[in-house]
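Now for the letters of each chain:
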Protein chains: 6
Amino acid sequence: MKRTALKLGDVVSELRALRLKSLENRQRRDRPPKLPSRKVLVSIADGLRAVLFPNRLGMPDLTNESVDYYVGHTLDVTLRELMVQVRRELRFAGDADATGNSERERAAGITQAFAQRLPRIRSLLESDIQAAYEGDPAARSVDEVLVCYPGITAITYYRLAHDLHRLGAPLIARMISEIAHSSTGIEIHPGAQIGGFFFIDHGTGVVIGETAVIGEHVRLYQAVTLGAKRFPVDEHGALVKGNLRHPIVEDDVVIYAGATILGRITIGRGSTIGGNVWLTRSVPPGSVISQAQTRNEVFDGGAGI
Amino acid sequence: MKRTALKLGDVVSELRALRLKSLENRQRRDRPPKLPSRKVLVSIADGLRAVLFPNRLGMPDLTNESVDYYVGHTLDVTLRELMVQVRRELRFAGDADATGNSERERAAGITQAFAQRLPRIRSLLESDIQAAYEGDPAARSVDEVLVCYPGITAITYYRLAHDLHRLGAPLIARMISEIAHSSTGIEIHPGAQIGGFFFIDHGTGVVIGETAVIGEHVRLYQAVTLGAKRFPVDEHGALVKGNLRHPIVEDDVVIYAGATILGRITIGRGSTIGGNVWLTRSVPPGSVISQAQTRNEVFDGGAGI
Amino acid sequence: MKRTALKLGDVVSELRALRLKSLENRQRRDRPPKLPSRKVLVSIADGLRAVLFPNRLGMPDLTNESVDYYVGHTLDVTLRELMVQVRRELRFAGDADATGNSERERAAGITQAFAQRLPRIRSLLESDIQAAYEGDPAARSVDEVLVCYPGITAITYYRLAHDLHRLGAPLIARMISEIAHSSTGIEIHPGAQIGGFFFIDHGTGVVIGETAVIGEHVRLYQAVTLGAKRFPVDEHGALVKGNLRHPIVEDDVVIYAGATILGRITIGRGSTIGGNVWLTRSVPPGSVISQAQTRNEVFDGGAGI
Amino acid sequence: MKRTALKLGDVVSELRALRLKSLENRQRRDRPPKLPSRKVLVSIADGLRAVLFPNRLGMPDLTNESVDYYVGHTLDVTLRELMVQVRRELRFAGDADATGNSERERAAGITQAFAQRLPRIRSLLESDIQAAYEGDPAARSVDEVLVCYPGITAITYYRLAHDLHRLGAPLIARMISEIAHSSTGIEIHPGAQIGGFFFIDHGTGVVIGETAVIGEHVRLYQAVTLGAKRFPVDEHGALVKGNLRHPIVEDDVVIYAGATILGRITIGRGSTIGGNVWLTRSVPPGSVISQAQTRNEVFDGGAGI
Amino acid sequence: MKRTALKLGDVVSELRALRLKSLENRQRRDRPPKLPSRKVLVSIADGLRAVLFPNRLGMPDLTNESVDYYVGHTLDVTLRELMVQVRRELRFAGDADATGNSERERAAGITQAFAQRLPRIRSLLESDIQAAYEGDPAARSVDEVLVCYPGITAITYYRLAHDLHRLGAPLIARMISEIAHSSTGIEIHPGAQIGGFFFIDHGTGVVIGETAVIGEHVRLYQAVTLGAKRFPVDEHGALVKGNLRHPIVEDDVVIYAGATILGRITIGRGSTIGGNVWLTRSVPPGSVISQAQTRNEVFDGGAGI
Amino acid sequence: MKRTALKLGDVVSELRALRLKSLENRQRRDRPPKLPSRKVLVSIADGLRAVLFPNRLGMPDLTNESVDYYVGHTLDVTLRELMVQVRRELRFAGDADATGNSERERAAGITQAFAQRLPRIRSLLESDIQAAYEGDPAARSVDEVLVCYPGITAITYYRLAHDLHRLGAPLIARMISEIAHSSTGIEIHPGAQIGGFFFIDHGTGVVIGETAVIGEHVRLYQAVTLGAKRFPVDEHGALVKGNLRHPIVEDDVVIYAGATILGRITIGRGSTIGGNVWLTRSVPPGSVISQAQTRNEVFDGGAGI
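Residues numbered from 1 in each chain as written. Chains lettered and ligands numbered in written order. Predicted model: local features only at pLDDT ≥ 70, side-chain atom pairs only at ≥ 80, totals over all residues. Heavy atoms only, no water.

J.: How should I be thinking about the overall build of chain A in this particular structure?
T.: Each helix and strand in chain A was counted, giving eight helices and 14 strands. By residue count, 62% of the 305 residues in chain A fall in the buried class. Taking the intrachain contacts of chain A between residues at least 6 apart in sequence as the baseline, contacts between residues at least 24 apart amount to 48%. Approximately 10700 Å² of chain A is accessible, and the part contributed by carbon and sulfur atoms is 51%. (Helix = DSSP H or I, 4+ residues; strand = E, 2+ residues; numbered from the N terminus. Buried < 20%, exposed > 50% of the residue type's maximum accessible area, 1.4 Å probe, protein only. Contact = heavy atoms within 4.5 Å. Areas by Shrake-Rupley, 256 points an atom, 1.4 Å probe, with all protein chains shown as cover.)

J.: Whenever I open this one, the pattern of salt bridges confuses me. Can you help?
T.: Between side chains of opposite charge, pairing is possible as soon as their charged atoms come close. Overall, the coordinates contain 96 salt bridges over all chains when judged by the stated rule. Notably, a salt bridge pairs Arg166 of chain B with Asp163 of chain B, separated by 2.9 Å at the nearest N-O pair. Taken together, the positions of Arg166 of chain B and Asp163 of chain B, both in helix α7 (residues 150-167) and three residues apart, correspond to about one turn of that helix. Assessed through its relative accessible area of 47%, Arg166 of chain B is described here as partly exposed. Bridged by salt links that share partners, the residues Arg16 and Arg19 of chain A together with Asp68 of chain C form one connected network. (Salt bridge = Lys/Arg side-chain N within 4 Å of Asp/Glu carboxyl O.)

J.: Would you mind going over the packing of aromatic side chains with me for this structure?
T.: Where two aromatic rings form a pair, the distance of their centres and the angle of their planes describe that pair. Residue and element names in this part refer to chain C. Tallying each qualifying case throughout the model produces twelve aromatic pairs over all chains. A ring pair is formed by Tyr149 and Phe199, whose centres lie 6.5 Å apart and whose planes are at 35°; its orientation type is tilted. Of the two residues, Tyr149 is situated in the loop between α6 (142-148) and α7 (150-167) and Phe199 in strand β3 (residues 199-200); the sequence distance between them amounts to 50 residues. For Tyr149, a relative accessible area of 2% translates into the label buried. On the basis of relative accessibility, which here comes to 2%, the residue Phe199 falls in the buried class. Geometrically, the ring pair formed by Tyr221 and Tyr256 is stacked, given 5.1 Å between the ring centres and 10° between the ring planes. Placement of Tyr221 in the loop between β6 (219-220) and β7 (225-227) and of Tyr256 in the loop between β9 (254-255) and β10 (260-262) is noted, with a sequence separation of 35 residues between them. (Phe/Tyr/Trp six-rings, centres within 6.5 Å; stacked < 30°, edge-to-face > 60°.)

J.: Explain the side chain of His246 of chain C here, please?
T.: All names here are of chain C. Its location among the elements puts His246 in the loop between β7 and β8 (248-249). Judged by relative accessible area, which is 0%, His246 ranks as buried. Side-chain polar atoms of His246 contact the side chain of Thr211, separated by 2.7 Å. (Polar contact = N/O pair within 3.5 Å; in protein donor to acceptor, adjacent residues only side chain to side chain.)

J.: What should I look at first to understand the interface of chain C and chain A in this one?
T.: A common way to report how large an interface is uses the accessible area buried once the components associate. Across the boundary between the two partners, chain C contributes 67 residues, which contact 67 residues of chain A. Across the chain C to chain A interface the summed buried area is about 5500 Å²; carbon plus sulfur atoms make up 54%. The interface formed by chain C and chain A includes five salt bridges. In this structure, Arg174 of chain A engages Glu144 of chain C in a salt bridge whose closest nitrogen and oxygen atoms are separated by 3.8 Å. Summed over the shared surface of chain C and chain A, the result is nine residue pairs in polar contact (both at pLDDT 80 or more). Only α2 (38-52), α3 (54-58), α4 (67-93), α5 (103-135), α6 and α8 (170-184) of chain C provide two or more residues apiece to the side of chain C that touches chain A. No other element matches α5 of chain C, which puts 14 residues into the side of chain C that touches chain A. Among the residues forming the side of chain C that touches chain A, the class breakdown is 28 nonpolar, 23 polar and 16 charged. (Buried area = accessible area lost by both parts, 1.4 Å probe. Nonpolar A, V, L, I, M, F, W, Y, C, P; charged D, E, K, R; others polar.)

J.: Help me understand the packing of helix α2 (residues 38-52) of chain B against helix α4 (residues 67-93) of chain B in this model?
T.: Relative placement of two packed helices is described by the angle separating their axes and the distance separating the axes. Residues and elements named next belong to chain B. Put simply, α2 and α4 touch, their axes get as near as 9 Å, and they point 150° apart. It follows from the interaxial angle that α2 and α4 lie roughly antiparallel. Read as a crossing pair, α2 and α4 show a hand that is left-handed. For the pair formed by α2 and α4, the contact residues are Val40, Leu41, Ser43, Ile44, Gly47, Leu48, Ala50 and Val51 on the first element and Tyr70, Val71, Thr74, Leu75, Thr78, Glu81, Leu82 and Gln85 on the second. (Axes fitted to C-alpha atoms, helices over the stretch in contact; angles between N-to-C directions. Parallel < 35°, antiparallel > 145°, perpendicular 65-115°, else oblique. Left-handed = near helix turned anticlockwise from the far one by under 90°.)

J.: Explanation requested: unusual backbone geometry in the structure shown.
T.: Residue and element names in this part refer to chain C. Even without being glycine, His217 reaches a positive phi, approximately 55°. The topology assignment puts His217 in the loop between β5 (213-214) and β6. The phi dihedral of Ala223 falls on the positive side, at around 65°, and the residue is not glycine. Examined against the element boundaries, Ala223 turns out to sit in the loop between β6 and β7. Residue classification places Ala223 among the partly exposed residues on the basis of a relative accessible area of 31%.

J.: Honestly, the relation of the copies chain C and chain A in this entry has me stumped. Any pointers?
T.: Two chain copies here: they are related by a rotation about an axis and a translation along the same axis. Each copy of the sequence occupies a distinct position, and chain C is placed on chain A by a rotation of 120° and an axial shift of 0.0 Å, giving an RMSD of 0.0 Å. Expressed as a symmetry operation, the mapping of one chain copy onto the other fits a three-fold axis. Comparing contact sets, just 9% of the residues at the interface of chain C also lie at the interface in chain A, consistent with a heterologous contact between different surfaces. (Least-squares fit on C-alpha atoms with pLDDT ≥ 70 in both.)

J.: What should I look at first to understand the sheet that holds strand β14 (residues 288-289) of chain D in this one?
T.: Residue and element names in this part refer to chain D. One open sheet accounts for five strands, arranged β3-β6-β9-β12-β14; its pairing is parallel. Because the sheet does not close on itself, it has two edges, and the strands there are β3 (199-200) and β14. Looking at chain direction, β3 and strand β6 (residues 219-220) are connected through two bridges and run parallel. Along β6, the bridge assignment pairs Ile200 with Leu220. (Pairing = 2+ DSSP bridges.)

J.: Mind showing me how you'd approach the domain arrangement of chain A here?
T.: Domain assignment breaks chain A into domain 1 (34-186) and domain 2 (205-305). The C-alpha-based centres of domain 1 of chain A and domain 2 of chain A are spaced at 27 Å. (Domains from an automatic or database assignment.)

J.: What exactly am I supposed to notice about the packing of helix α4 (residues 67-93) of chain A against helix α4 (residues 67-93) of chain D here?
T.: Interaxial distance between α4 of chain A and α4 of chain D falls to 8 Å at its minimum, and their mutual angle equals 125°. Considered as vectors, α4 of chain A and α4 of chain D are oriented oblique to each other. Two packed elements cross with a definite hand, and for α4 of chain A against α4 of chain D that hand is left-handed. Each of Asp68, Tyr69, Tyr70, Gly72 and His73 of chain A in α4 of chain A lies in contact with α4 of chain D, whose residues at this interface are Asp68, Tyr69, Tyr70, Gly72 and His73 of chain D.

J.: Which parts of the structure should I look at to understand the interface of chain E and chain D?
T.: The interface of chain E with chain D comprises 67 residues on the first partner and 67 residues on the second. When chain E packs against chain D, the two sides together hide about 5500 Å² of surface, and 54% of this comes from carbon and sulfur. Linking chain E with chain D are five salt bridges. One salt bridge in this structure joins Asp68 of chain E and Arg16 of chain D, with 2.5 Å as the shortest N-O distance. Seen at the junction of chain E and chain D, the total is nine residue pairs in polar contact (both at pLDDT 80 or more). Partitioned by chemical class, the residues of the side of chain E that touches chain D number 28 nonpolar, 23 polar and 16 charged.

J.: How should I be thinking about the sheet that holds strand β1 (residues 187-188) of chain B in this particular structure?
T.: Residue and element names in this part refer to chain B. Read from one edge of the open sheet, five strands run β1-β4-β7-β10-β13, paired in parallel fashion. Only two strands of the sheet have a single partner each, and these edge strands are β1 and β13 (278-279). With two bridges connecting them, strand β10 (residues 260-262) and β13 associate as parallel partners. Bridge pairing links Ile261 to Leu279 in β13.

J.: Quick question: what am I supposed to make of the side chain of Thr184 of chain A here?
T.: As for its position among the elements, Thr184 of chain A is in helix α8 (residues 170-184). The class of Thr184 of chain A is buried, set by a relative accessible area of 6%.

J.: How should I be thinking about the confidence of the model for chain A in this particular structure?
T.: Close inspection of predicted coordinates is inappropriate in any region flagged by low pLDDT. All names here are of chain A. Taken as a whole, chain A shows an average pLDDT of 89; of its residues, 90% reach a score of 70 or greater. Per-residue pLDDT stays below 50 along residues 293-305; that stretch engages in 62 contacts with residues further than four places along the chain or on separate chains. Here the predicted complex carries an ipTM of 0.89, next to a pTM of 0.92. (pLDDT = per-residue confidence, 0-100.)

J.: Just to check I follow, could you spell out the environment of Pro232 of chain A for this structure?
T.: Residue and element names in this part refer to chain A. With respect to the element layout, Pro232 can be found in the loop between β7 (225-227) and β8 (248-249). Between the alpha carbons of Pro232 and Arg245 there is a distance of 9.6 Å; along the sequence they are 13 residues apart. Setting aside chain neighbours within four positions, we find Pro232 in contact with Ala238, Leu239, Val240 and Asn243.

J.: Sorry if this is basic, but what is going on with helix α8 (residues 170-184) of chain D here?
T.: Quick reminder: α-helices carry 3.6 residues per turn. Residues three or four places apart thus point the same way. All names here are of chain D. For α8, with 15 residues, the first-to-last C-alpha span of 21 Å sits near the 21 Å given by 1.5 Å per residue. Judged by how many residues are buried, α8 sits mostly within the fold: 13 of 15 residues are covered. Directly after α8, the chain includes Gly185, whose backbone phi takes a positive value near 75°. (Expected span 1.5 Å × (residues − 1).)

So this is what it looks like as structure tokens:
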């Protein structure tokens, strides 16, 4: 049985030529530094979730005398892996640091500060779970909510990513947020600010932009977009990056499935936005916005399940 | 090279305090019993799919003389794992059993009854595959449908979960249904009732609620919602759980992409619901519902591909 | 502790009877040949992505002297696995080959031709990454785009699948495209034709049909459908397969979130299609299509983030 | 390509018949209970060694603040696994317990008692390592001794196994001792009693019997046997089990390679037994025993390396 | 941080030159065919042992209704892997086959014949286990013997390897026998012929040669050699391969530790060979051979434990 | 079901106290640096063997066009892992370096130098394989020798370890040599010097000491010891380390099973040492040494098989 020649040599050298040309275009002939590893971040995120909810998302057999050993050990391993990844991001970003600290020291500092935030993240997540349990007639227990609801999964990843974003690891934060997006269909940019008691039901297709601000006790359904209306460009036609371009959603707002809310507008406290509504201007507190009456029938309330 | 201190001790004790407080709030100072494991349920669902379609979803090298050994062995391992998980759910639920049977006995009973349902599930799935093959111009063979179509994947998980739900393992059922949601973007509550020859094309964003009832030969496209219109509350303002709140879809109905159908309404046999339609009242058999004429053009038919 | 009898024998024989009946119905009593394995295709796709971007998606520690060894070795292993899978598909399809070549020879030919396409695929992907970087104000570097953006992931799988589809392995192509669908929520049929500098932002819910044609510099947002309007049937009522039924999108078009574009229509060069628009007729170059004015407010531009 | 029939059915039923017959012969028609699992015991032994020497045999990256979490967590997981295996052994042994405790309670008791012995085992092992370091001119550090020397590996397993043997888990003890035998070529029966500062150099082929008693500061070389001279039988010709039949080796004895010492004899304190010596009677303290002068040359001292 | 260049290119090309020269020396410029894989043979041997003793060496949770499914399925998977390896050996050997059968057909034939031998192998192993149990005062149960005794492990591998050797797969047989050698220190050439009720105690260092013949109820202790006395050479000085050069040991013989028995001699039925004896001539039935009286004391019987 | 308390806290703190005391005894209160990892060295040794014999010990499917990619890639990965381990050893040893190079630089230097030695190691191993093939009547092919013979395995590990020992990584060398010892029962100290065409048959129990010197074309059988006769001590009674204390074995010597050769003596070229011989003085070239005539019969030649 003869083996087939695959002309590997040709493909290998063509690909090499393309890589070199691509580096040249970007004036970077030297090997680019390592990026954080998605695979390692998946395991870091699992470790952090286990630390936060050791009995539910960690190890099922923990006892009163063993749970702290488990939490401490998992924390140690996970933070140490995280520190390595943060260091990779800092090197990759390559920007000078005013303090003169090395990347190693800065990575340690970010990781330490992040560790101190974990109890607060746990508290926020408890409020989110509470909100989900109270907001869904199909929920039978808070534990069910924690292990079953994709909305809770996405919010957990978001809350971890958000603190990493704030502390100076925006690339890692983004990668963690994409890990959640891939498994839940819910995309929350780690830059967004979200208060406690936040609940996303069903969730597939939800998109929350980088500069969105969300108050407490807000509830979203699937396919809701909190997006930007337009992208300003500078005098050279290049996108202006980083400006405030996503909505502010105040406390106690409910937004039903498929609603699209665009631009730096404010949804006033206690408002209800109906399913499939398209909204690009602010609405005052207590508003009830539904689709125009040209629909084939009157709007009756919501699209939750 | 000095090692960085991470102040693990502080984080560990703060997290412990939060856990204790959280248990206290729920009047449960003793360690809560174990939940079913998502990871094990993933492997149980894989095992069940392999049992149903051994050559296609199990082992590719099975022969006429070996296939039954494979099916029998996989069934044994999978059901035994399932029995352990069901027992965990029963313990977790903790409700008394009128029969006085132990959790072990009840878990065995549920697992046995479930095993007896597998041939019927296989029959239903064959009808679903047939419907997909006949309904999609891009489908080349029924085997392609089985291994490629996310709609078929989601329906398979649903049919398994539905019988577990009915037999008394609703939490496991829900977890299995979320496993499918995560990989397909299709969410079908295991409580929903769905007849044979069911086909979901593309599927991302489909949501089917707990009390929905779907007849035979029904076809859905991506982003269709069969949801609840409103959530009644009791005199204390708490959600009333479990009432019938999702649509009834009769036989031979087609619902195109993005349609939102809410409330305990009935879509009459043979109806067609157009793409993006928002529907909250019943329609008689044979209806053709499209978006209102205020759209930028006349509706032409469907949103399938 | 008594072990529970599970009546495995009954279930095994009922399932066997169902399998036999099912084969009979399709006049195929003999064991059907093996299908390509989804699990192996996952690893093949990983291998191909590593070959295309060895430092970013392959191994982080490659040096100038080692990178070609890595690429060559990974290519060898991956193509060899691919050849086995292609051979399975050819056997499964079972259609005669005009050239009289064996399945082994044909599989080798397809794999060799595919290998030669890899440099061109890498070039196209570089253009896509460039487009994403330039089109998203939140993007900080092209490397971030490559490792974080689900749109880039989906396009990478699509470009690999498309060449396999063209070269005669449509089932494998479809399976690879479903792997991407499962992880990104973006479904692109491998038969679609898509030019360079293509960018999908957010992406969950995007569906692009088999005969769609997309030019260069096209940008799509989440939940955009490029679908078929209706499915013609032949005189026996069976679907006509393979006819041209999806849109043509010319160069420099932007389509905002939730837009539904159906049928073999043409979106002229440079057009902008607003969010949630429902479109079933061609529009000339330079068109700006928004939702009708019956919406609760004037359309302002886009639904990107 | 035709598949070969393997007549599996015939082999399966012949094997079944043999199993049934074999059970019948032993008057045990019902399924025999589970045995401890060798694979799990391998991982338990690894866990225990990691607990004893966390930096060297556990995890290399432990810090002052994390090492106790690691030790506590590893201990918890390992002891819990051990408890399950001990319970299996007790069930298998099936003998009644005077205390009336259940197998679960007795397994917990044995495991707890064993846990309390670990510090003492660590102390003994430190003395053994010290003895190895001082006794071998090739040893460069005590750490090298711990990670490289098969003698130390074998003694570690022995010291763990010996306490399990004493506490009532002789089968598990024996299995652990065979794990060490397989990897070092050194067989020490867990029933043997061995004092501190014990050193076996090279070790392949060493056999130490069940009732051997070894003092402190004893040194053995490869292929030394401390065996039984004869096996007494009872009036029915059956072996008498459990009588004292292996040597007593007092403190400060050295036994060179290949020496064979048989029967319940005593090697007096401070004696030296030459290489390949065959010894079946007691020798007083301070003896120097070498092979008879019929050898091709005078004995000069030792066979160590 | 600069990466170190390793001059991989030089090493790679020097190694290539050496490989080519080495092939040239052996007149085989074309790539030599694949050998059987040691790693796969390890798993095949595990599978076969599981088939023979499913409850003890296979899966601990088998029930009466599931054990045959397990055995049948494991047999199927294992034999199919074996068939692939046998085919590799036949191709590697490359010798013509008088029957004109293809390597595939011959491999299938060997595998089928081997499968039919498994019940007989199981029967022989039961006799060996019985002999071990009756011959060792430390053995507490036949199950302990099966899972703990390296002698039983070695004999099990030998009995499997011996039938493969006889049926025409001597290389695979040898590799399996080396797998046992590595884990037990006992080397039994698969060509040796060994009757039932065979027991090797302790075993490290035992060597049994290719043409040895051993009767029933024979017992060996550690470090016994049944070897060849001299290797005849032909007129060109090359070794004559395959002639009968190892001992014949008749029924009911006991050979104590360290005895060396060389050449095609016969140890008569019922003989006892003392520890460390060096024997190169036949002895009649009933002989008791001990070391000469020049030893430092009288021989008393045995070196067993 | 109540969980058993294991009093983990007590054990953890007792073990901590013991660790601290043990460090104190050795005046090393700070955490000792990491040791090389045995597990990683196992994989490094596998990688190096694959590089040396890619078709036989690496990947079976390599073609002419792919083999160098495989060798280059495996070399890169393996050497890079080795460099990390060497750096650990250098740090652990902690001795100053005359050149003033950092541990990183020295580790790189050692690894580079080692890489350049690989072709020479391959050449020596080919000579060893040739010697085994020619010296064993049971050997059917050189490939069988390479994959089956424990002697060849042990020599391969030795030759790799010896060069690492020479280049300044004696601890890693020792650990690699113990990996071979564990799997073959053959212990060769990496400091020993061994010429080409070296063959060890069977091998269990062979021990070759640190300062042994072995010429070309030497053949050993199982259980041969090349050891030290006595260990000189200095004026304080401490062992003198590193002096020449093991035998010199000149070219073309054969040493049969069980022979014990001790001290810095010379076995002259072409000598034959009989089985079980005990030798502590030099013998001239061409000697034939057998056991004294007090044996129960005349020595006839050898103990090979």
